[in-house]
Amino acid sequence: MGRRVQLIQAFRRAGESLGLRLEVHGADASVLSPAIHLVDNPHLVPPIAAEGYVDAMLDIVRRNRIQLLVPLLDFELPLLAPQRDRFAHLGCCVLISSAEVVETCRDKWKTFQTLRSANIDTPTTWLWRDVIQMSVHHFPYYMKPQCGSAGVGNFVIHDEDELRTLGRRVQDPIVQEFIEGTEYTLDVYCGLNGIPRCVVPRRRIEVRNGEVSKGVVVKDAGIMAIGKRTASALGDCRGVVTVQCMKTNKGSIRVIEINPRFGGGAPLAIHAGADFPKWILTELIGGKPRINPTGFRNDVVMLRYDEAVFVPNATRLTKAKFLRPVSRQN
């Protein structure tokens, strides 16, 4: 759960507005996760990479009759997506795209191929082993892990020395043409039926540790259309899909990455009027949310700051005891 406090609050508000008695559970591998101390029922689970993670999640769902599971981390998506039916058998809807969509988005090489096949503009991409065999280069390039996350292992490559040296450090590197322009993150609402119905573009102003800390809503029809086309091209999407794109100085819109989950900056889109949690809960209880694709407010800015969660009797944390916070402070 990490720091997704604002998203928890958004679901609580959505539940209240719908007259639902919402009980929020949270699962994390660490008792030091801030968000885990702000849910109604916290649960400790094995690390995502450990054996037994999925079974632990299934057990929590079974014992607590949980109806909606919202994955938030990149690395849990490939584990949970193939298990959607097992959760559904327990009466739980997992807000996650199909295993095929998750794999396409996780693998940046497959992402490139899928976008090109759908005639969606995206930077030309090569496998590193092919690039180093090229006799002619057009630097700079952009290098990233083929299955990376949160910007870890991403580099701008200026010459052949960097290409070869950094390529040996990055795990399964791919190389892309370098794109100059303005970066946008798009929150694409696909709901529970996979139909993209609302796209909220957020221009990135400042990013910290791979997550936007300052951003502004920009109601750009061209960018919104690209977001809808991208989700449609992927196929079986669910919930909110996050699409990153660059708008070049010449006005072209080029998709650079896709994450099939709530993005860290989604609270900005929600605050602007695209109430994803309310729409999701409405669908979950069998209703039809009233969605105006352009009904969100333009030019709303988000300026994030740190807030602390204080937990008493901290020495007990080492014994994996969940404790309730007593106060919060900027």
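All figures in this text were calculated on a predicted structure; none of them were measured in a lab. (Residues numbered from 1 in each chain as written. Predicted model: local features only at pLDDT ≥ 70, side-chain atom pairs only at ≥ 80, totals over all residues. Heavy atoms only, no water.)

Undergrad: Is there a simple way to think about the side chain of E76 in this case?
TA: For E76, the position within the fold is in the loop between β3 (68-69) and α3 (77-80). Of the side chains with opposite charge, R261 lies nearest to the buried E76, which makes no salt bridge, at 7.6 Å. Residues within four places of E76 in sequence aside, it is in contact with I48, Y53 and P71. (Helix = DSSP H or I, 4+ residues; strand = E, 2+ residues; numbered from the N terminus. Buried < 20%, exposed > 50% of the residue type's maximum accessible area, 1.4 Å probe, protein only. Lys, Arg positive; Asp, Glu negative; His and termini not counted. Salt bridge = Lys/Arg side-chain N within 4 Å of Asp/Glu carboxyl O. Contact = heavy atoms within 4.5 Å.)

Undergrad: How do you make sense of the packing of helix α1 (residues 5-17) against helix α11 (residues 276-284) when you look at a structure like this?
TA: The relative placement of two packed helices is expressed as an angle between their axes plus a distance between the axes. Between α1 and α11, whose axes approach to 8 Å, the crossing angle comes to 50°. Relative to α11, α1 is oriented oblique. In the crossing of α1 with α11, the sense of the turn from one axis to the other is right-handed. The segment α1 lies against α11, with A10, F11, A14, G15 and S17 engaging P277, K278, I280 and L281. Of the residues belonging to the contact of α1 with α11, the class tally is six nonpolar, two polar and one charged. (Axes fitted to C-alpha atoms, helices over the stretch in contact; angles between N-to-C directions. Parallel < 35°, antiparallel > 145°, perpendicular 65-115°, else oblique. Left-handed = near helix turned anticlockwise from the far one by under 90°. Nonpolar A, V, L, I, M, F, W, Y, C, P; charged D, E, K, R; others polar.)

Undergrad: Explain the sheet that holds strand β10 (residues 198-208) here, please?
TA: Within the open sheet, the six strands sit side by side as β13-β12-β9-β10-β11-β14. Their pairing is antiparallel. Both edges of this open sheet fall to β13 (253-259) and β14 (301-303), since each of them pairs with a single strand only. Taken over all neighbouring pairs, the strand axes of this sheet differ in orientation by 35° on average, direction set aside. Summarising the sheet, strand β11 (residues 211-217) and β14 pair through three bridges and their orientation is antiparallel. Bridging across to β14, G215 finds its partner in M302. Against the sheet, helix α9 (residues 221-234) engages β9 (181-191), β10, β12 (239-248) and β13, with an angle of about 50° to β13. (Pairing = 2+ DSSP bridges.)

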